Amino acid sequence: MTPLAALFALPVRAYRLIASPWVGNGCRFQPTCSAYALQALETHGAVKGGWLTCRRVCRCHPWGGQGYDPVPGTDPSHDGESDTERRDNAGR
């Protein structure tokens, strides 16, 4: 992890240590947003990993998506195909 990505990961690690136990397990996505953030920063660095994290957190609301949403580039079986495309192709 680059030094800047490690710096960006500090608030996420603090959230996981301090606030997460109080919030509970109500996450709509797998992996959780904090785990996604740490993995995105580790895999893609501070700029792209930070951008991917922001996009993910913005999707985390009652009218947003849910389910399995890995960091791009970490699950080859999931990359390149959206959930909608996967559901459509499964029926064929």
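- As recorded in an unreviewed UniProt entry, the protein chain goes by the name Putative membrane protein insertion efficiency factor, listed as coming from Paracoccus onchidii.
- Quoted verbatim from the Function (unreviewed entry) heading of the UniProt record, the comment on the protein chain is "Could be involved in insertion of integral membrane proteins into the membrane."
- As its UniProt record puts it under Subcellular location (unreviewed entry), the protein chain is described as follows: "Cell membrane".

**Thoughts on the packing of aromatic side chains**
Each aromatic ring pair is characterised by the separation of its centres together with the angle its planes make.
Right, on to step 1. Evaluated as defined, the whole model comprises zero aromatic pairs.
Right, on to step 2. One cation-aromatic arrangement involves R59 over F29; the distance from NZ or CZ to the ring centre is 5.8 Å.

**Some points on the pattern of salt bridges**
Right, on to step 1. One pass over the full model with this rule turns up two salt bridges.
Right, on to step 2. Linking R56 and D69 is a salt bridge whose minimum nitrogen-to-oxygen distance equals 3.6 Å. Highlighted residues: R56 in helix α2 (residues 33-59) and D69 in the loop between β2 (67-68) and α3 (83-90), separated in sequence by 13 residues.
Right, on to step 3. Within the structure, one salt-bridge network assembled from shared partners comprises R56, R59 and D69.

**Some details on α2**
Right, on to step 1. With 27 residues, α2 extends just 10 Å between its outermost C-alpha atoms, more than 12% less than the 39 Å of an ideal straight helix rising 1.5 Å per residue.
Right, on to step 2. At G45, α2 shows its largest kink, close to 135 degrees.

**Observations regarding unusual backbone geometry**
Right, on to step 1. Look at the link from Q30 to P31: it is a cis peptide, with omega at 0 degrees.
Right, on to step 2. Tracing the backbone through its elements, the reader meets P31 in the loop between β1 (29-30) and α2.

**Focus on the confidence of the model for the protein chain**
Right, on to step 1. In this model, the protein chain carries a mean pLDDT of 85, and residues with pLDDT of at least 70 account for 86%.
Right, on to step 2. Per-element confidence in the protein chain ranges from a low mean pLDDT of 50 for α3 to a high of 95 for α2.

**With respect to the packing of helix α1 (residues 3-23) against α2**
Right, on to step 1. Interhelical geometry of α1 versus α2 gives an angle of 175 degrees and a closest axis separation of 10 Å. Put simply, α1 runs roughly antiparallel to α2. When α1 is examined against α2, the residues L4, A5, F8, A9, V12, R13, Y15 and R16 are found in contact with a partner set consisting of S34, A35, A37, L38, L41, G45 and A46.
Right, on to step 2. Considered class by class, the residues forming the contact of α1 with α2 number eleven nonpolar, two polar and two charged.

**Some points on the side chain of T53**
Right, on to step 1. Along the chain, T53 falls in helix α2.
Right, on to step 2. If sequence neighbours within four positions are ignored, T53 has contacts with Y36, A37 and A40.

**Points about α1**
Right, on to step 1. In a regular helix each residue adds 1.5 Å, so 21 residues correspond to 30 Å; α1 covers 29 Å between its end C-alpha atoms and thus fits that length.
Right, on to step 2. Along α1, the largest kink reaches about 45 degrees and is centred on R16.
Right, on to step 3. Every buried residue of α1 is listed here: A5, A9 and V12.
Right, on to step 4. Buried residues along α1 sit in contact with α2.

Conventions we followed
- Residues numbered from 1 in each chain as written.
- Predicted model: local features only at pLDDT ≥ 70, side-chain atom pairs only at ≥ 80, totals over all residues.
- Heavy atoms only, no water.
- UniProt positions renumbered as here; feature names shortened; annotations may be inferred.
- Phe/Tyr/Trp six-rings, centres within 6.5 Å; stacked < 30°, edge-to-face > 60°.
- Lys NZ or Arg CZ within 6 Å of the ring centre and 35° of its normal.
- Salt bridge = Lys/Arg side-chain N within 4 Å of Asp/Glu carboxyl O.
- Helix = DSSP H or I, 4+ residues; strand = E, 2+ residues; numbered from the N terminus.
- Expected span 1.5 Å × (residues − 1).
- Bend = angle between axes of the 7 residues up to and from the residue.
- pLDDT = per-residue confidence, 0-100.
- Axes fitted to C-alpha atoms, helices over the stretch in contact; angles between N-to-C directions.
- Parallel < 35°, antiparallel > 145°, perpendicular 65-115°, else oblique.
- Contact = heavy atoms within 4.5 Å.
- Nonpolar A, V, L, I, M, F, W, Y, C, P; charged D, E, K, R; others polar.
- Buried < 20%, exposed > 50% of the residue type's maximum accessible area, 1.4 Å probe, protein only.

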